[in-house]
Amino acid sequence: MGAALLIAGLSGPAVSQGAGGERTGADRVKDRVLVFSKTAGFRHDSIPEGIAAVRELGAANGFAVDATEDARAFTSRNLARYDAVVFMSTTGDVLDRTQQRAFERYVERGGGYVGVHAAADTEYDWPFYGGLAGAYFHSHPAIQSATVDVEDHAHPATAHLGATWERTDEWYNYRSNPRAQARVLASLDESSYTGGTMNGDHPIAWCQEYEGGRAFYTGGGHTKESYTEPAFLQHLAGGIRWAIGAAQADCRPENGYRSLFDGTAESLAAWKQAGPGTFELNADDGTITSSGGMGMLWYAGTELKSSYSLKLDWRMSGDDNSGVFVGFPASDDPWSAVNNGYEIQIDATDAPDRTTGSVYSFRSADIKKRDHALNPPGEWNTYEIRVEGERLRIWLNGVKINDFTNTDPARSLKDGHIGIQNHGADDEVSFRNVRIKELPTRTSATADSAPGN
């Protein structure tokens, strides 16, 4: 009877969904998360603390939380009520085939998944779940302190962290490495603890778009103490916020990029300031922030040729102005970049062809897609600026928002430098993690479908 009452309490009326499964109209009054904690194997004694922590995070971040261990909650009708399902240290075979299929449909319609710790020790015979979680558990050493290397500083699950994160937990080894199909947010330094078995490339938190939905996994959360640790709670909150669509991030896999600015003074040696103003380095969080202007910090180390993918993370403090320049000749005059190159704009409010995501004064971004992908001032965003011949495309947090081809014989995108603008005394924009990847020459059709990794 208790189980029946629980299901009745969870079922309620189904919500209407739009394309991709998003809730629409009056139904989207508040985001809602289901925490699922059924175990058919080892049971973690931290599960109650984990559930309580998600409830508190929901209260602080504006999403409602239900919790259950009853697999009968996994019906298409009931799951449609939720923006994400958190698998809180589930273990073993917890869903039957009908329930599995309901969850598959939920994800395919845009539902979110958050896996915590032993969620990787779950449903070994269900390939869809294995792909969704990203990797299965293999083994673990004793609980101990380890160094976590933070690889992504724009995702809301890791944006609050420094270059490294020292914490104590039970550190899983996985049967496979998810890096090829997921965006790795953080990895373990196997030299900082004993018992790592992944040959020095040991992801511990990652995200991905999967079969129409969003999937975030963190290997942390074994200990009760994890759920009183502010940095871990913010990490978990960021993963949930991304999974429910309350925050945006680029979760495409990323491999083969080299750093142009990694947050250190040493990495700025190849950059030069053109014109007035400057960028101030904050070595504690690895950012540079515009100050004064109108000038530009440009990368003098390499002139870029033909085809490349440039990625960088940026954050506005309010209604500020900056931009990323590409395809201009070396010069100490910032106006040379304006007159000979192209600027990908960062500006909260302006004309469509002069606001965020536009090729400044030449082509507006797709405003609807841009607005959906954009995080607000105070939060990090990621640009991918892909140049292939005279074609320039722009991704914002993993969403393509602009596609422009140069036809001006006085300009060329086939070679030139890149730079970031410091616009004026009242404009404050921060940047970090500037990286680049040379691309092979592609045909237009192939290039349009190429993944951004």
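In the block above lies the structure referred to throughout.
These numbers were taken from a predicted model, which means no experiment stands behind them. (Residues numbered from 1 in each chain as written. Predicted model: local features only at pLDDT ≥ 70, side-chain atom pairs only at ≥ 80, totals over all residues. Heavy atoms only, no water.)

**Quick look at the state of the cysteines**
Cysteine pairs can be linked by a disulfide, which is a covalent bond between their two sulfur atoms. Evaluation of the coordinates by the stated rule reveals one disulfide. Here cysteine 207 is linked by a disulfide to cysteine 251, with a sulfur-sulfur distance of 2.0 Å. Residues cysteine 207 and cysteine 251 are joined through a disulfide that is left-handed, its torsion about the S-S bond being -95°. Taken as a pair, cysteine 207 in strand β10 (residues 202-210) and cysteine 251 in the loop between α6 (230-244) and β12 (258-261) lie far apart in primary sequence, 44 residues in all. Residue classification places cysteine 207 among the buried positions, given a relative accessible area of 0%. (Disulfide = S-S within 2.5 Å. Helix = DSSP H or I, 4+ residues; strand = E, 2+ residues; numbered from the N terminus. Buried < 20%, exposed > 50% of the residue type's maximum accessible area, 1.4 Å probe, protein only.)

**Here we look at the nonpolar core**
One recurring pattern in soluble globular proteins: nonpolar side chains tend to sit buried together. One finds Phe74, Val85, Phe87, Phe103, Tyr113, Tyr174 and Ile240 to be the most contacted residues of the largest nonpolar core, which totals 75 residues. When neighbours within four sequence positions are excluded, tyrosine 174 is seen to be in contact with Ala120, Ala135, Tyr136, Phe137, His138, Met198, His202, Pro203, Ile204, Trp206, Tyr217 and Gly219. Residues Ile288, Leu310, Ile344 and Ile346 belong to the second largest nonpolar core, which totals 36 residues. (Core = buried A, V, L, I, M, F, W, Y, C linked by side-chain atoms within 4.5 Å. Contact = heavy atoms within 4.5 Å.)

**Digging into helix α4 (residues 97-108)**
Between the first and last C-alpha of α4 there are 16 Å, a value that for 12 residues agrees with the 16 Å anticipated at 1.5 Å per step. Burial in α4 covers these residues: Gln99, Gln100, Ala102, Phe103, Glu104, Tyr106 and Val107. Where α4 is buried, its residues contact α3 (76-79), β3 (84-88), β4 (112-116), α5 (127-133), β10 and β11 (213-218). Capping the start of α4 is the job of one residue whose side-chain oxygen sits 3.1 Å from the backbone nitrogen of threonine 98: aspartate 96. (Expected span 1.5 Å × (residues − 1). Polar contact = N/O pair within 3.5 Å; in protein donor to acceptor, adjacent residues only side chain to side chain.)

**Digging into the pattern of salt bridges**
Enumeration over the complete set of coordinates arrives at 30 salt bridges. One salt bridge in this structure joins arginine 43 and glutamate 69, with 2.4 Å as the shortest N-O distance. Note that arginine 43 is positioned in the loop between β1 (31-36) and α2 (47-61) and glutamate 69 in the loop between β2 (63-68) and α3, a separation of 26 residues in sequence. When the shortest N-O distance is used, the salt bridge between arginine 179 and glutamate 151 registers 2.9 Å. Within this pair, whereas arginine 179 is found in the loop between β8 (173-174) and β9 (183-188), its partner glutamate 151 is found in the loop between β6 (144-150) and β7 (164-169), the two being separated by 28 residues in sequence. (Salt bridge = Lys/Arg side-chain N within 4 Å of Asp/Glu carboxyl O.)

**Some words on the pairing of strand β14 (residues 278-282)**
Looking at chain direction, β14 and strand β15 (residues 287-291) are connected through five bridges and run antiparallel. In the sheet register, leucine 281 faces β15, and the bridge partner there is isoleucine 288. Between β14 and β15, which pair antiparallel and follow one another directly, the connecting turn spans four residues, one of which, glycine 286, has a positive phi of 70°. (Pairing = 2+ DSSP bridges.)

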